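Letter by letter, the chains look like this.
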Amino acid sequence: MDAPTEEFHAFFDHHYSELSRFAYLLLGDAEGADDLAADALVAVWRRWDRACADGEPVAYARGVVAAMARTRARSQQRERRRVALFWSHRPDRINDPDVPAVLDVRQALARLPLRKRACVVLRHAFDLSEKETARALGISVGTVKSQTSRGIAELERMLAPSRPGPEAAYRTAYRTVRVLRAGPAERSSW
């Protein structure tokens, strides 16, 4: 082992718990604080020469923890806003939901491969554009188009009424997929 590695290991052993406590006080989450402290120490290790340049690697590490905590807090705040926005757009009361149909759609979605399911859900349940979906999943817009189209087609096949007769749940589930294929305006009553 070389000297910087030994020096960093000693630094890690001596300051990890302090940095973790600092992160805990910033975040209020013990498990998240441990993760954040570990992530911060990885970042410090990558820039160990810079951290030691001022002669105060602890101050540098605290700054990294603070910056990462700020980023995480902002991310959590954005997520809370998204969740609040999602729930604010939902009707307060659902008139006579067809529970079997909803369960059938959920079961059918669960049977789709993950990428197709993610494309269908982001495009149709969250009304993201193809471009936004592609960015969220780290895939091309063309892949989003094909996976969404194939996913909806598979859902239609899975939920299509297989027998003639008054199977209301399957007909409703099938209509639900048809509404998914439609668009946001047609889904407003959904």
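Higher on the page you've got the structure.
Definitions and cut-offs
- Residues numbered from 1 in each chain as written.
- Predicted model: local features only at pLDDT ≥ 70, side-chain atom pairs only at ≥ 80, totals over all residues.
- Heavy atoms only, no water.
- Patch = residues over 30% accessible without salt bridge, like charges linked within 9 Å, V, L, I, M, F, W, Y side chains within 5 Å.
- Areas by Shrake-Rupley, 256 points an atom, 1.4 Å probe, with all protein chains shown as cover.
- Salt bridge = Lys/Arg side-chain N within 4 Å of Asp/Glu carboxyl O.
- Lys, Arg positive; Asp, Glu negative; His and termini not counted.
- Charge placed at Lys NZ, Arg CZ, Asp CG, Glu CD.
- Helix = DSSP H or I, 4+ residues; strand = E, 2+ residues; numbered from the N terminus.
- Buried < 20%, exposed > 50% of the residue type's maximum accessible area, 1.4 Å probe, protein only.
- Contact = heavy atoms within 4.5 Å.
- Axes fitted to C-alpha atoms, helices over the stretch in contact; angles between N-to-C directions.
- Parallel < 35°, antiparallel > 145°, perpendicular 65-115°, else oblique.
- Nonpolar A, V, L, I, M, F, W, Y, C, P; charged D, E, K, R; others polar.
- Phe/Tyr/Trp six-rings, centres within 6.5 Å; stacked < 30°, edge-to-face > 60°.
- Core = buried A, V, L, I, M, F, W, Y, C linked by side-chain atoms within 4.5 Å.

Draft legend 1. Examining a positive patch on the surface more closely. The grouping of Arg70, Arg74, Arg78, Arg80 and Arg81 at the surface amounts to a positive patch. Here arginine 80 is to be found in helix α4 (residues 57-88). Overall, arginine 80 belongs to the exposed group, its relative accessible area being 54%.

Draft legend 2. Geometry of helix α6 (residues 114-125). Taken as a whole, α6 has its buried residues at Lys116, Cys119, Val120, Leu122 and His124. In the stretch just after α6, aspartate 127 is the one whose phi turns positive, near 55°.

Draft legend 3. Main features of the side chain of lysine 116. Note on placement: lysine 116 falls in helix α6. Excluding anything up to four places from it in sequence, lysine 116 contacts Gln147, Arg150, Gly151 and Glu154.

Draft legend 4. The arrangement of the packing of helix α7 (residues 130-137) against helix α8 (residues 141-159) in detail. Two elements in contact, α7 and α8, have axes whose closest approach is 8 Å; the angle formed by their N-to-C orientations is 105°. Classed by the angle they form, the pair α7 and α8 counts as roughly perpendicular. Two secondary-structure elements touch here, α7 through Glu130, Lys131, Thr133 and Ala134 and α8 through Val141, Val144 and Lys145. Broken down by class, the residue content of the contact of α7 with α8 amounts to three nonpolar, one polar and three charged.

Draft legend 5. Seen up close, a negative patch on the surface. A cluster of acidic residues, Asp29, Glu31, Asp34 and Asp35, forms a negative patch on the protein surface. By the element assignment, aspartate 29 lies in the loop between α1 (3-27) and α2 (30-46).

Draft legend 6. Region of interest: a nonpolar patch on the surface. On the surface, Val83, Phe86, Trp87 and Phe126 cluster together into a nonpolar patch covering about 400 Å² of accessible area. By secondary structure assignment, the location of phenylalanine 86 is in helix α4. Note on phenylalanine 86: relative accessible area 33%, which makes it partly exposed.

Draft legend 7. Structural view of the packing of aromatic side chains. Tallied over the full model, the rule gives six aromatic pairs. A centroid spacing of 6.4 Å and a plane angle of 50° characterise the contact between phenylalanine 8 and phenylalanine 12, whose relative ring orientation is tilted. You can see phenylalanine 8 and its partner phenylalanine 12 sitting in helix α1, four residues apart, about one turn around the helix. Looking at phenylalanine 8, the relative accessible area reads 8%, which means it is buried. Phenylalanine 12 sits in the partly exposed class, given a relative accessible area of 30%. Their ring planes at 85° and their centres at 5.2 Å tell us that phenylalanine 8 and tryptophan 48 sit as a pair that is edge-to-face. With phenylalanine 8 in helix α1 and tryptophan 48 in helix α3 (residues 48-53), this residue pair connects regions lying 40 residues apart in the sequence. Taken individually, phenylalanine 8 and tryptophan 48 each receive the classification buried, so the pair is uniform in this respect. Through a chain of ring-to-ring contacts, the aromatic side chains of Phe8, Phe11, Phe12, Tyr16, Trp45 and Trp48 assemble into a single cluster.

Draft legend 8. Quick peek at the packing of α6 against α8. Where α6 meets α8, the axes come as close as 8 Å, and the angle between the chain directions of the two elements is 95°. When the interaxial angle is binned, α6 and α8 end up roughly perpendicular. In contact with Arg115, Lys116, Cys119, Val120, Arg123 and His124 of α6, α8 contributes Thr143, Val144, Gln147, Thr148, Arg150, Gly151, Ile152, Glu154 and Leu155. Here the residues of the contact of α6 with α8 sort into five nonpolar, five polar and five charged.

Draft legend 9. Examining the nonpolar core more closely. Within the largest apolar cluster, 18 residues are counted, with the highest numbers of intra-cluster contacts made by Phe8, Phe11, Leu19, Val44, Trp48 and Val65. Of all the secondary-structure elements, those providing two or more residues to this core are α1, α2, α3 and α4. Tallying contributions element by element places α2 first for this core, with seven residues. If near-sequence neighbours (up to four positions away) are discounted, tryptophan 48 is found in contact with Pro4, Glu7, Phe8, Phe11 and Pro57. Core analysis: the next-biggest nonpolar cluster, separate from the first, contains eight residues, Val105, Ala108, Val120 and Leu155 among them.

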